[in-house]
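Chain and residue survey
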Amino acid sequence: MRLRGLVRKEFLQVLRDPSALAIALVLPVVLLLLFGYGVSLDSQHVPIALVVDHPTSDTMRLCAEFAYSPYLAPITMHGLPEARQAIMERRVDAIVHLREDFSEKLRRPEGASIQLIVNGVDANSARIVTGYIESAYGKWLEHSSSHVGAAPSIAVVMQSRVWFNSNVLSRNFLVPGVIAVVMTLIGALLTALLMAREWERGTMEGLLVTPVSMNEILLGKIIPYFLLGMGGLAISVSMSVWLFGVPLRGSLMVLVLASTLFLLTALGMGLLISTLARVQFVAGQVAIITTFLPAFILSGFIFDIGSMPRPIQWLTHIIPARYYVSLLKTNFLAGDVWSVILPNALALAVMAAFFLGMTRWLSRKQLD
Amino acid sequence: MEATPLQPIATFQHVTKTFAQGKQIVRALSRFTASIETGRVTGLIGPDGAGKTTSLRILAGLYTPDVGTVRVLDRDVATEALAVQARVGYMPQRFGLYEDLTVRENLDLYADLQGVSRAVRTDRYRELMEMTGLAPFPNRLAGKLSGGMKQKLGLACVLVQPPALLLLDEPTVGVDPVSRRELWQIIDRYVRDRHTTVLVSTGYLDEAERCDWLIVLDGGKLLRQGTPESFCAPLRDKTFKIRVRGMPQRDIQARLDACAQVADAVVQGESVRVVTYEKTENPCHGLFADQDQVALESVPPRFEDAFVMLLGSRQQDRPQASADGKPAAPRLPTRDTGLHAANSCPATGSPQTSQVIQVEGVKRRFGDFYAVKGVTFDVQRGEIFGLLGANGAGKTTTFRMLCGLLPASAGKLFVAGVDVRRTAARARQRIGYMAQKFSLYGALSVVDNLRFFSCAYRLRGAAREERIGWALRQFELEEVAAVASGSLPLGFKQRLSFACALMHEPEILFLDEPTSGVDPLARREFWRRTGDLANQGVTVLVTTHYMEEAENCDRVAIMAAGDILALDTPEAIKQKMKTVEKPTPTMEDAFIELLNTRRVGKT
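Residues numbered from 1 in each chain as written. Chains lettered and ligands numbered in written order. Predicted model: local features only at pLDDT ≥ 70, side-chain atom pairs only at ≥ 80, totals over all residues. Heavy atoms only, no water.

**Here's the deal with the domain arrangement of chain A**
Partitioning chain A into structural domains gives domain 1 (2-39 + 169-362) and domain 2 (46-148). For domain 1 of chain A versus domain 2 of chain A, the separation of C-alpha centres amounts to 48 Å. (Domains from an automatic or database assignment.)

In structure tokens, the structure reads:
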């Protein structure tokens, strides 16, 4: 009866408190929409300037190839100065310049050259644009060789295939990662804030002197926020699958179990933080710095852990979100790969036990 | 297993409890031994930091004593906290109601936690709701209740499972007089009907008189215990009321202060209450020989007199006791004005003096709610003018408008001849403001705070240093000059706030609830300083909800729901509110009577 009373109180509070509801329900939706639609590491219809000094049938075919590419949006310009102006004004991201003697040189053994100027301000985009142009150029080579009949001088043709995310859509790996951030928000940040609020408003002192045990007080926090976190998970997974069309190749069961472990870890961290910092402001700051930011930056959600400097890579091992993100990506995109799932799940289980155990150990039914 | 009456329900044995405060170790209780007898109301009295809250928290199992044992209901609290907590009800100073839960939901939660069976809930709730007057709004959010209502709901939550021992930590702080009275009625009734034992700590000494037994703590030690009568008995024939027609009460007080046999003298309306060291028939031999209309009246001693004597005599042992050996709290030497000569002017009370504050038909609207509905009053130079009222009566709003912190919606506001509605900034140099909450920089030392506030008022160089020296001396802050102000006890903080408000020698002082939560001794000291300032010609406007403090004011305006209900001297208001049942009403009686007549008049 005591536990039920505590859980019911917690739910009533969440329902009445718009800010808690916002963190639990609105924020996941916003984050998912943001990362599903807004943030995209892919470039499509990149505007490029085409400058052809002397149009011939060869240049026409090459230009057509650029136009076909779904990633490029060529704009034909007259002369390099105009194109240069356009790149400076950021109307185009790259210039492809075919010189006057392009067709002529093409038929010579040393071959023709294409001048490519890329705006390198954003290095990442520059690399991607270069890749797109090269691939369009490659296609043209292929076509023209079958057309002309004479094999081009390329002996080896690379045949690459991308697995698990065959369209290389960044959305497919961002959206599962968002789930980790959402769960961190609900599990750690919200819980830390609401527990610290009990200390701040003096409601904790009132609870401590009732015949409630510390276990009941902690469970009274864990149960409602666990359910809330699972609600967040349901929203996120439904949106990922049905709205964004992210494939869910692994079993739902594994997803739920992995999320349970991670949510317990996050709750443990949130409760531990608020046990140590009994002020909302401090608890909030600490929760953001120790749980939310690492989940964003160091979990492999956006930035690949493999390409981080070594010391940072080591650091990521103490970030619970890292294991969860790895579980999520595998579960969504690759399927139930047990050799990935088991070690990550084990790591999460150990962390959950550690944080919850620490919280229980440090929580006393006393004020000092 | 109800214990038979007058058996201790709880005992402290040689209890010591220390806290680490930064590098310092603070001893909250030291070898404290006492017992709480079953079936009566025991009061825990003492100045700030005496160890009242610590004792209550130990009984509730929230602290474990370093040394000694505490037993409640024959159980050791340290080892069997849960069993004790099942039978003890504890209401902390700030009772943690869940503000976003309704009245009913708060009760439900505590009923669940205390394991109250569903069968008895309906009856229990009805009883509690009626007793607390919360019956009409079971579905109101606790956060939307008034301060008094919240406190009553807190009490109801604690009583939802009738406890064997009820612990109340300053239950009436910040509560308006009407709710305060109601809270005590609930406590009284509960003890009688259910033979519950109550241990209540309080800073209101009139409340102490309502207890059956008093335990006075000071510095973590038991100072004395006994019935309120036993405290007062030794003071019989030593307490008097003196009134001299044609002589301002603060001048009477000053003369009495100088008299060797007078232990304590406080202003009370138009008279001065005097406590002497020895039994006497006339405490003022020849003191007022130059006056012909001296009214001397022997009055029964109050607990407050005994308390001041008790703690005062202890303070004498301390090195910082005032030089003249007076046992009362340290006070301002009357002669050291430290103020501009221009400010000194004839003593208070004379009606010819100029009006310093003029308020005419001032209104303030928030949305479609009028917080202040057209108030009119004026304050004379050198007068102490009190604004009295419950929370939400419009005191603070009026105050903020006068200081130019909040624009008025309508009416005329003149402060020191300046139209505040037009040029508020020009008036600010001439006013000093002491906010309700401690609004100094807690991380800065006492001296740094004083320095900052003098800079803010453009004091420089030697003048500034001289003024800081004055403040440290006058407010006895020299010893703590280098201490971070946030870590000072409340009484010191209040003195520092007061000093900061005076750095630029203002002509007008605005004091918003200056004594809220401050212990009785510090409160007296505060009023003495205020009286001295008024004698020097400073005009003081003060808000308070301690009705008894209104006696220190020359005139008071009693506010309720944005209106002024009465505006007169405290004496005249009390006279007007005389009833058959209460022929000599206290200020609080008068206030409640005034509210009642207004309510009747409305319906």
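Picking up where we left off.
**Digging into the state of the cysteines**
Residue and element names in this part refer to chain B. What the rule picks out here adds up to zero disulfides over all chains. Left without a disulfide partner, Cys232 is nearest to the cysteine sulfur of Cys211, which lies 12 Å away. Judged by its relative accessible area of 9%, Cys232 is buried. (Disulfide = S-S within 2.5 Å. Buried < 20%, exposed > 50% of the residue type's maximum accessible area, 1.4 Å probe, protein only.)

**Here we look at helix H9 (residues 214-243) of chain A**
Between its first and last C-alpha, H9(A) extends 42 Å over 30 residues, near the 44 Å set by a 1.5 Å rise per residue. With its phi angle positive at about 65°, Gly245(A) sits one or two positions after the end of H9(A). (Helix = DSSP H or I, 4+ residues; strand = E, 2+ residues; numbered from the N terminus. Expected span 1.5 Å × (residues − 1).)

**So, helix H13 (residues 446-456) of chain B**
Residue and element names in this part refer to chain B. Of the positions making up H13, those classed as buried are Val446, Val447, Asn449, Leu450, Phe453 and Ser454. One side of H13 holds all its buried residues, which, seen down the axis, span an arc of 160°. The elements touched by buried residues of H13 are helix H14 (461-474) and helix H15 (490-502). Of the residues flanking the end of H13, it is Arg458, one or two places downstream, whose phi is positive at about 60°. (Arc of directions from axis to C-beta. Contact = heavy atoms within 4.5 Å.)

**Describing the interface of chain A and chain B**
Taken together, the 30 residues of chain A in the interface contact 34 residues of chain B. For the pair chain A and chain B, the summed buried area comes to about 2,700 Å², and 56% of that belongs to carbon and sulfur atoms. Between Arg16(A) and Glu105(B) there is a salt bridge, and its shortest N-O distance comes to 2.7 Å. If you look at where chain A meets chain B, you find 12 residue pairs in polar contact (both at pLDDT 80 or more). Where the side of chain A that touches chain B is concerned, the elements lending two or more residues are helix H1 (2-16), helix H7 (170-200) and helix H8 (203-208) of chain A. Counting residues per element, the side of chain A that touches chain B draws most heavily on H1(A), at nine residues. Grouping the constituent residues of the side of chain A that touches chain B by class yields nine nonpolar, eight polar and 13 charged. (Buried area = accessible area lost by both parts, 1.4 Å probe. Salt bridge = Lys/Arg side-chain N within 4 Å of Asp/Glu carboxyl O. Polar contact = N/O pair within 3.5 Å; in protein donor to acceptor, adjacent residues only side chain to side chain. Nonpolar A, V, L, I, M, F, W, Y, C, P; charged D, E, K, R; others polar.)

**Focus: the sheet that holds strand S6 (residues 88-91) of chain B**
Residues and elements named next belong to chain B. As summarised here, the arrangement of the six strands in space is S6-S7-S8-S3-S9-S10, forming an open sheet in which the pairing is mixed. Each edge of the open sheet carries a strand with a single partner, namely S6 and strand S10 (221-226). Each strand of the sheet is rotated relative to its neighbour by a mean of 15°, with strand direction disregarded. Bridge analysis of strand S7 (residues 165-169) against strand S8 (residues 197-201) gives five bridges, and the strand direction is parallel. Paired with Leu168 across the strands is Val200, a residue of S8. Most of the contacts of helix H1 (residues 52-59) go to S7, to which it runs at about 150°, and overall it touches strand S3 (41-45), S6, S7, S8 and strand S9 (213-218). Against the sheet, helix H6 (residues 177-194) contacts S3, S7 and S8, and its axis sits at roughly 155° relative to S8. (Pairing = 2+ DSSP bridges. Axes fitted to C-alpha atoms, helices over the stretch in contact; angles between N-to-C directions.)

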